Every structure is written in structure tokens, then in C-alpha cells.
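# A look at the structure
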Amino acid sequence: MLSDLQKKKLTRYFRVYDVDDDGRIALQDFERVVENVRMLQGLGENSPHHRALREGFLLRWESLRSSADVDHDGGVDLDEWLKYRDDVLADEARYEAEVAAVTDRLIEIFDHDGDGVLGADEFCNFYGVYGLKSALARQVFMDIDLDGDGVVTRGELLEMAHQFYRSDDPNAAGNRLFGPTG
């Protein structure tokens, strides 16, 4: 069962995914993010990299839709999202696989210089494709750069994700991974 703090954090995360702000996560939200990444990276619409990127996002959407869209209306509303996240958190293997996959995908997509870590600008690009403000991204980046070396490693991202999903400490840095909870 989700705690009140987890519900607040997961509601914020839902709003990140709900790019068009219509109260549900749907295919068009994922397509919008793919288009934003394509434009950010200057990819041609028919380039192999764009096709692979799109395919990856569509697979992620289909996985979410098939697991969370219990009323089969083609979208995931907040209640379905919270139930889905509660189910994922209750299954340790599923949780670990999902957190690792999302973390790896984030680095794969936004690590433009290929050094295996995210700098502040790369992290801002991640926020930007979801329509989030750069100033917020920079503040969150500073919060999650645990050792203050100016980059966020896979390990730091995993630690922040674990805090985001699992911590009930209101002061945990990972709580802010997707912005303030309100």
C-alpha cells in the first residue's frame, strides 16, 4: 500500500508523463516525447536512430498500457497509474528490472557525449523533452549529484530512483527527482 508521500511523488511523476496535461497518459504523450527527443538530437524522421528511439518508447507505452489500463480505454488515468506503481513496488524483481531499465534508457538517450554519465545540460535536456523547466532541472540536478562532481552517474540515478519510489523520509533528495511534489 502506498504511503501518502509515495502517492504525492507518484502523482507528480504521472504529471510528467502526461505531457499534454489531459489527466491521462496515452500514446500521444509518448509520441510527443519521441518527437521532442528527435528535434533535440537533430534526427531525421526516417533515420535509424529515430526509428529505434520511437520503437523503444512505443514498447514502453505498450507495456504500461497493457499493465495499467484496466478499463481498456486506451489511456492510463491517475488511479490506474497509482495502482500500477503499487503493484510494481510489491514485486521486488519487477521493481528492480523497471528501475534499472528506465535508468539505463535515460542515460542512453541523454548522454550526448557518450561518457556514461549525465552532466547538467544533459539532465536539463531530459527535463525539457517532457516540457519541464530548465531552472527546475538544474536545481534537481544539484540535489541528486550526490558527490558534487558535476555529473550524475548511473549509481546516483539508481539511488535517487530508490529514494523516490521507496523513501518515506520527506527530506530525501530522491523525492525531487521529477520536481516538487507540491
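So, a few notes on the structure that sits alongside this text. (Residues numbered from 1 in each chain as written. Predicted model: local features only at pLDDT ≥ 70, side-chain atom pairs only at ≥ 80, totals over all residues. Heavy atoms only, no water.)

## Some details on the layout of surface pockets
One number sums up the size of the largest pocket: a volume of about 450 Å³. As for the largest pocket, its lining consists of 21 residues, and the residues nearest its centre are Y17, R60, A101, V102 and R105. At 8 residues, the largest contribution of residues to the lining of the largest pocket is made by helix α5 (residues 92–110). In terms of residue class, the lining of the largest pocket is made up of 14 nonpolar, 3 polar and 4 charged. A per-class count over the lining of the second largest pocket returns 5 nonpolar, 1 polar and 4 charged. (1 Å grid on protein atoms, 1.4 Å probe; cavity = no way out; pocket = protein on both sides within 12 Å on 5 of 7 lines; lining within 4 Å. Points joined across faces, edges and corners; volume = space filled by probe spheres on them. Helix = DSSP H or I, 4+ residues; strand = E, 2+ residues; numbered from the N terminus. Nonpolar A, V, L, I, M, F, W, Y, C, P; charged D, E, K, R; others polar.)

## Considering empty space enclosed by the protein
Using the criterion set out here, one finds 1 cavity of 30 Å³ or more in the structure. Here the largest cavity is characterised by a volume of approximately 130 Å³. Taken together, Y13, E98, V99, V102, T103, L106, L157, A161, Y165, L177 and F178 make up the full set of residues lining the largest cavity. At the level of elements, α5 and α8 (154–166) are the ones that each hand at least two residues to the lining of the largest cavity. Counting residues per element, the lining of the largest cavity draws most heavily on α5, at 5 residues. Class assignment of the residues belonging to the lining of the largest cavity gives a composition of 9 nonpolar, 1 polar and 1 charged.

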